[in-house]
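# Architecture at a glance
In case you want the letters, here they are:
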Amino acid sequence: MGRRTSAALAKWLEKQEWFDAWVENMRLQDVENADEYIRGFWGEITLVNSFIWLATPEGEDYWEDINKQFLEWYNEN
């Protein structure tokens, strides 16, 4: 199973079309350690732990699909 560095994770996140919405949802939910998520410090739990998906305009299904894509990228060999 592959693993990504914090720097690689942060770079990948920033390139995603949903990055701004992700950051905005952390801001709206007043996530204390949002900068740590953005900088990739939380590894494979970055998206699932960054905020409450159900409480976003996009909804839980949207973020669940994104998390699946993220985990595929994060764990690829």
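## Structural notes on helix H5 (residues 60-75)
Here H5 contains 16 residues, and its C-alpha end-to-end distance of 22 Å stays within 8% of the 22 Å for a straight helix at 1.5 Å per residue. Buried residues of H5: Trp63, Ile66, Asn67, Phe70, Trp73, Tyr74 and Asn75, and no others. Along the axis of H5, the buried positions cluster into a sector of 165 degrees, meaning they face one direction only. Facing away from the buried side of H5 by more than 90 degrees, the exposed set consists of Asp61 and Glu72. Close packing links the buried residues of H5 with helix H1 (6-15), helix H2 (19-28) and helix H4 (46-50).

## Examining the pattern of salt bridges
Tallying each qualifying case throughout the model produces 5 salt bridges. The residue Glu44 makes a salt bridge to Arg3 at a minimum N-O spacing of 3.6 Å. In this pair, Glu44 is assigned in the loop between helix H3 (34-38) and H4 and Arg3 in the segment before H1, connecting sequence segments 41 residues apart. For Arg39, the salt bridge is made with Asp35, and the minimal N-O distance between the two is 3.2 Å. Judged by its relative accessible area of 43%, Arg39 is partly exposed. Here Asp35 falls in the partly exposed class, since its relative accessible area comes to 46%.

## What to know about the nonpolar core
Residues Leu13, Trp18 and Trp22 are the most contacted members of the largest nonpolar core, which totals 18 residues. Those elements giving two or more residues to this core turn out to be H1, H2, H3 and H5. A total of 5 residues in this core trace back to one element, the largest contributor, which is H5.

## Overview of H2
At 3.6 residues per turn, the α-helix brings residues three or four places apart onto the same side. Buried within H2 are the following residues: Phe19, Trp22, Asn25 and Met26. On an axial view of H2, the arc spanned by its buried residues comes to 130 degrees, and they lie on one face. In H2, the exposed residues that point more than 90 degrees away from the buried face are Asp20, Arg27 and Leu28. Where H2 is buried, its residues touch H1, H3, H4 and H5.

Parameters at a glance
- Residues numbered from 1 in each chain as written.
- Predicted model: local features only at pLDDT ≥ 70, side-chain atom pairs only at ≥ 80, totals over all residues.
- Heavy atoms only, no water.
- Helix = DSSP H or I, 4+ residues; strand = E, 2+ residues; numbered from the N terminus.
- Expected span 1.5 Å × (residues − 1).
- Buried < 20%, exposed > 50% of the residue type's maximum accessible area, 1.4 Å probe, protein only.
- Arc of directions from axis to C-beta.
- Contact = heavy atoms within 4.5 Å.
- Salt bridge = Lys/Arg side-chain N within 4 Å of Asp/Glu carboxyl O.
- Core = buried A, V, L, I, M, F, W, Y, C linked by side-chain atoms within 4.5 Å.

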